[in-house]
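# Residue-level structure breakdown
Residue strings, one per chain:
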Amino acid sequence: MNRQPMFTPQQLLSFVAVCETASFTRAADRVHLSQSTVSQQVRRLEEMVGKALLVRSSHQVQLTEEGEKLLGYARRIIALNGEAHDVLSDQWRDGVLRLGVPEDFAAPTADLLANFSRAHPQLRLDVMSGMNVELRRAWQREELDIMLIKQPYGERPLASRPEPLLWLDSAAWPCFEQTPVPLVLFPQQGLYRDEVCQTLDTLGRSWRIGYSSASLAALAAASAQGLGLTLLPASCRLPQHRVLGSEQGLPVIDTFELALFCRQPRDPLQRELAASLVAFGQLRWQ
């Protein structure tokens, strides 16, 4: 059992009002109580903590060091009290919308999500970004309402578009001619990893992992700087890259798509956000 004295919301409201107005009189007007009642509530707080919270004079009221500490807590407690009331009284009726996007879409979609949030100020957006395998697991655990994901063709999404891939090597420090060929890849179970390894096996080329990262931007930069051959979306091509293909015996990999899934597509909020993501990603409804 908690044996510590409990601050009441009214005590904290009176204390904050005195701190912000620097006056017991103005504080009493703000909280709609008498000046003597506000003074009693602040005095009760001081008795509970065993320290002076305010320095009073005939002209002004100033915070002590202990008063400054309590002021921050008091504001947070008051805010949490109001938030709890709003949630339980259905003021935040739109709830939470959980979105999962690939790592390289997290920053580019920030403006889109900000506009959506401004249109629905009572909605909280929980956004997860990461590798394909992480997003897929979260979706299977029903931790996401909407998922934008890169995947091999297979499961039918709500909307999709092809995801063109390029074989990328460094123009200044080429790797494909090396033996074994150094590779720049996602970690195990990451996208495009099997396609790269299987292709080189088919060509009879020996290979080694030269660089591995869960970040798409890091993979693009690493391959451009000569750390290894990679297979990445065409949008990741940098000026320092050279594109390889049929001349090197490398096949076109056209089995991937950018796909959008929506758990409740008839829900108006989910449908609205899904439509914005479809337009952003230039997807087509299925």
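Here, the structure is the one placed above.
Residues numbered from 1 in each chain as written. Predicted model: local features only at pLDDT ≥ 70, side-chain atom pairs only at ≥ 80, totals over all residues. Heavy atoms only, no water.

### Here's the deal with empty space enclosed by the protein
Taken as a whole and judged by the stated rule, the model has one cavity of 30 Å³ or more. Along its surface, the largest cavity is lined by 16 residues, and Gly130, Met131, Asn132, Phe186 and Leu191 are the ones closest to its centre. Looking at the lining of the largest cavity, the elements with two or more residues in it are helix H6 (132–140) and strand E5 (146–152). Within the lining of the largest cavity, the residues separate by chemical class into nine nonpolar, four polar and three charged. (1 Å grid on protein atoms, 1.4 Å probe; cavity = no way out; pocket = protein on both sides within 12 Å on 5 of 7 lines; lining within 4 Å. Points joined across faces, edges and corners; volume = space filled by probe spheres on them. Helix = DSSP H or I, 4+ residues; strand = E, 2+ residues; numbered from the N terminus. Nonpolar A, V, L, I, M, F, W, Y, C, P; charged D, E, K, R; others polar.)

### Considerations on the layout of surface pockets
Empty space within the largest pocket amounts to approximately 190 Å³. Phe7, Val49, Lys51, Leu53, Glu66, Lys69, Leu70, Tyr73 and Ile77 together form the lining of the largest pocket. Of the residues belonging to the lining of the largest pocket, the class tally is six nonpolar, no polar and three charged.

### A word on the side chain of serine 170
If you trace the backbone, serine 170 turns up in strand E7 (residues 165–170). Among the residues examined, serine 170 registers a relative accessible area of 0% and is labelled buried. Reaching out from serine 170, the side chain makes a polar contact with the backbone nitrogen of alanine 172 at a distance of 3.3 Å. Among the polar contacts listed, one links the side chain of serine 170 to the backbone nitrogen of tryptophan 173, at a separation of 3.0 Å. When residues no more than four places from it in sequence are discounted, the contact partners of serine 170 are Ser223, Ala224, Gln225, Gly226, Gln240 and Arg242. (Buried < 20%, exposed > 50% of the residue type's maximum accessible area, 1.4 Å probe, protein only. Polar contact = N/O pair within 3.5 Å; in protein donor to acceptor, adjacent residues only side chain to side chain. Contact = heavy atoms within 4.5 Å.)

### Some thoughts on the packing of helix H2 (residues 24–31) against helix H3 (residues 35–49)
For the pair H2 and H3, interaxial distance at closest approach is 8 Å and the crossing angle is 100°. If you check the angle between H2 and H3, you find them roughly perpendicular. Contacts from Phe24, Thr25, Ala27, Ala28 and Val31 in H2 reach Gln35, Val38, Ser39 and Val42 in H3. The residue inventory of the contact of H2 with H3, partitioned by class, reads six nonpolar, three polar and no charged. (Axes fitted to C-alpha atoms, helices over the stretch in contact; angles between N-to-C directions. Parallel < 35°, antiparallel > 145°, perpendicular 65-115°, else oblique.)

### A look at the sheet that holds strand E11 (residues 241–244)
Taken in spatial order, the three strands make up an open sheet running E10-E7-E11, and their pairing is antiparallel. Of all the strands in the sheet, the pair left with one neighbour each is strand E10 (230–233) and E11. Each strand axis lies, on average, 50° off the axis of its neighbour in the sheet, ignoring direction. Here E7 runs beside E10; their pairing, made up of four bridges, is antiparallel. Residue leucine 166 lies in a different strand from E10, and its bridge partner there is leucine 232. (Pairing = 2+ DSSP bridges.)

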